[in-house]
Structures are given as structure tokens and as C-alpha cells.
Amino acid sequence: MRLLIVEDDPLIADSLTQGLGPLGNTVEVFTVLSEARAAMAHSHFDLVVLDLGLPDGNGLILLAEIRKRGDATPVLILTARDGVAERVQGLDLGADDYLTKPFSLPELQARVRALLRRSQQRTDNRLQYGPLSFDPTSGEVTLHGERLDLPPRELGLMEGLLLHAGRIAPREQLIDRLFGFGEAGPNALDLYISRLRKRLQGSGLKIRTLRGLGYRLEDDPA
């Protein structure tokens, strides 16, 4: 998953990155509202972890903007403000969950997993399509019951395709998932697609290219 963390405390931001990254997530951290706003305008995220007390304003401003434009991205508020009135305000503005600092990292991880499951209408953490299965909690991918050991970017790409299995996975979303705001060469995504295609040969699945749109993981009747 691709997560956006809006947190100006470097120690907490680092803790979040270390705690959420190993679960198979790509984590982007921003310390001010303006940068987070720009990131969300140009990229897709699967979940936002949002602090309220930021240098350039209240995080609730960003939350209100997200919901006003009809963006249903799950938002977890993470803040030192534990007053009932502020919790109610955040939830009424459209936050999906609310956790106060100091927090337990295992609890945060569990809440993030629950929000991601809910947003994708899943009953558990596992993503599955035919003989292919991916468990985001453990990072394990299996094909016909056999484990596939994938490097991080192939793992992220596999997850992105599984999230859209049977449907088009937009090319730009896959690039964002793999490379974030780093520089990605024009053929970088194609290289990783080619590697996954080789791994799926003879499995009954294939990755179809839809020119100008993206890629689709689908059954291969051949």
C-alpha cells in the first residue's frame, strides 16, 4: 500500500516509517499541510495518517478539503489532542479513525490494516486472485501454494496489480506506488512488469498491457 504521513515531529515520523514500511507499504512523509496537499493533488494514496498540529495550520483543514472533493481515501488522525470535542469534530469531518499520542505501534499497525481492509471491502488482510495470493501483513506471495520471493519493487507492483485484479491498474498509480516522488525513467515500470510476467508464465495468469491506460492482471486460458 502507499501511505501518506503528515507529521512534523521527526522522531514520530521516523517511528511511523519504520513501523509501517516493513508491512509492505510505501511511505511518503510530509511535515506541512501545503506539501501534503500538493502530493495528494498529483498522486494516489491508499491511506493518510494525519497529525493536527502542523506548522502551517490544523490538519483538519486538509481533512475537510479531502472530503469536500469527494475523496474517500481512509484518514487516520494521529494527534496529542485528546479532547472529546476535537475527536468528535475530526470524525464528523470524515476521519475514519482517531488515535492519540503516545500510541502503541502494534495498535497503530492493526488500525491501519483494518482501515485498508474496509476500504477495499475485504474481510481479511490477504489479496487473492486465482492461484496467486499476497498477505500484506507478512509480505508473503504464493503462486499455486509455492512461495515467491520478490524484491521490494516487484512486491509493490504485484500488490498494485492484485488490488485491481481483473480491472485496469492505471499506469501512473503503479509508477507512484513503486517510485513515489523519486525519479523514474520512462521504461522503469515496463522492466518490472516484464519480470513479473516471467514469474507468472505457465501459472494460468497473465499481465495484459492496455496502451495509454495501464495493465490488467487476468486469467490466461492458453
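Quick caveat, the model's predicted, so the values are computed rather than measured. (Residues numbered from 1 in each chain as written. Predicted model: local features only at pLDDT ≥ 70, side-chain atom pairs only at ≥ 80, totals over all residues. Heavy atoms only, no water.)

### As for helix H5 (residues 105–119)
(1) Moving on: Spanning 15 residues, H5 covers 21 Å between terminal C-alpha atoms, matching the ideal 21 Å at 1.5 Å per step.
(2) Moving on: For H5, the full list of buried residues reads Leu 108, Gln 109, Val 112, Leu 115 and Leu 116. For H5, the angular spread of buried residues about the axis comes to 130°, placing them on one side. Opposite the buried face of H5, at more than 90 degrees from it, the exposed residues are Pro 106 and Arg 118.
(3) Moving on: Against strand E1 (2–6), helix H1 (10–20), strand E3 (47–50), strand E6 (75–79) and strand E7 (97–100) lie the buried residues of H5. (Helix = DSSP H or I, 4+ residues; strand = E, 2+ residues; numbered from the N terminus. Expected span 1.5 Å × (residues − 1). Buried < 20%, exposed > 50% of the residue type's maximum accessible area, 1.4 Å probe, protein only. Arc of directions from axis to C-beta. Contact = heavy atoms within 4.5 Å.)

### Here we look at the nonpolar core
(1) Moving on: Leu 157, Leu 161 and Leu 217 are the most contacted members of the largest nonpolar core, which has 46 residues in total.
(2) Moving on: If near-sequence neighbours (up to four positions away) are discounted, Leu 161 is found in contact with Ala 169, Leu 174, Ile 193, Leu 196, Ile 207, Tyr 215 and Leu 217. (Core = buried A, V, L, I, M, F, W, Y, C linked by side-chain atoms within 4.5 Å.)

### Things to note about the pairing of E3
Consecutive residues of a regular strand have side chains that alternate between opposite faces of the sheet.
(1) Moving on: Neither face of E3 is left uncovered, since the one carrying Leu 47 and Val 49 and the one carrying Val 48 and Leu 50 both have all their residues buried.
(2) Moving on: Summarising the sheet, E3 and E6 pair through 3 bridges and their orientation is parallel. Along E6, the bridge assignment pairs Val 49 with Leu 76. (Pairing = 2+ DSSP bridges.)

### A few points about the sheet that holds strand E14 (residues 214–219)
(1) Moving on: Taken in spatial order, the 3 strands make up an open sheet running E12-E14-E13, and their pairing is antiparallel. Of all strands in the sheet, those with a lone pairing partner are strand E12 (169–170) and strand E13 (205–210), marking the two edges.
(2) Moving on: Pairing of E13 with E14 involves 6 bridges; the strand directions are antiparallel. What sits directly across from Arg 208, in E14, is Arg 216.

### A word on the sheet that holds strand E9 (residues 132–135)
(1) Moving on: Strand order in the open sheet formed by 4 strands is E8-E9-E10-E11, and the pairing between neighbours is antiparallel. Two strands lie at the open edges of the sheet, namely strand E8 (127–129) and strand E11 (146–148), each paired on one side alone. Going from strand to strand, the sheet's axes swing by 20° on average, the running direction of each strand aside.
(2) Moving on: As judged from the 3 bridges shared by strand E10 (residues 140–143) and E11, these two strands associate in the antiparallel manner. (Axes fitted to C-alpha atoms, helices over the stretch in contact; angles between N-to-C directions.)

### Notes on the packing of helix H6 (residues 152–163) against helix H7 (residues 171–179)
(1) Moving on: Two elements in contact, H6 and H7, have axes separated by 9 Å at closest approach and are oriented at 145°. Considering how the two elements wind past one another, H6 and H7 form a crossing that is right-handed. Where H6 abuts H7, its residues Arg 153, Gly 156, Leu 157, Glu 159, Gly 160, Leu 161 and Leu 163 lie against Leu 174, Arg 177, Leu 178 and Phe 179.
(2) Moving on: Across the contact of H6 with H7, the residue classes tally to 6 nonpolar, 2 polar and 3 charged. (Left-handed = near helix turned anticlockwise from the far one by under 90°. Nonpolar A, V, L, I, M, F, W, Y, C, P; charged D, E, K, R; others polar.)

### Considerations on helix H2 (residues 33–42)
(1) Moving on: Here H2 has its buried residues at Leu 33, Ala 36, Ala 39 and Met 40. All buried residues of H2 fall inside an arc of 130° around its axis, so they share one side. Of the residues in H2, the exposed ones pointing more than 90 degrees away from the buried face are Ala 41 and His 42.
(2) Moving on: Contact partners of the buried residues in H2: E1, strand E2 (26–30), E3, strand E4 (53–54), strand E5 (57–58) and helix H3 (59–68).

### Description of the packing of H6 against helix H8 (residues 188–200)
(1) Moving on: At their nearest, the axes of H6 and H8 sit 10 Å apart, and the two run at 80° to each other. What the angle tells us is that H6 and H8 run roughly perpendicular. The residues of H8 that touch H6, namely those facing Arg 153, Glu 154, Leu 157, Met 158 and Leu 161, are Leu 189, Tyr 192, Ile 193, Arg 195, Leu 196 and Arg 199.
(2) Moving on: Classifying every residue of the contact of H6 with H8 by side-chain character gives 7 nonpolar, no polar and 4 charged. (Parallel < 35°, antiparallel > 145°, perpendicular 65-115°, else oblique.)

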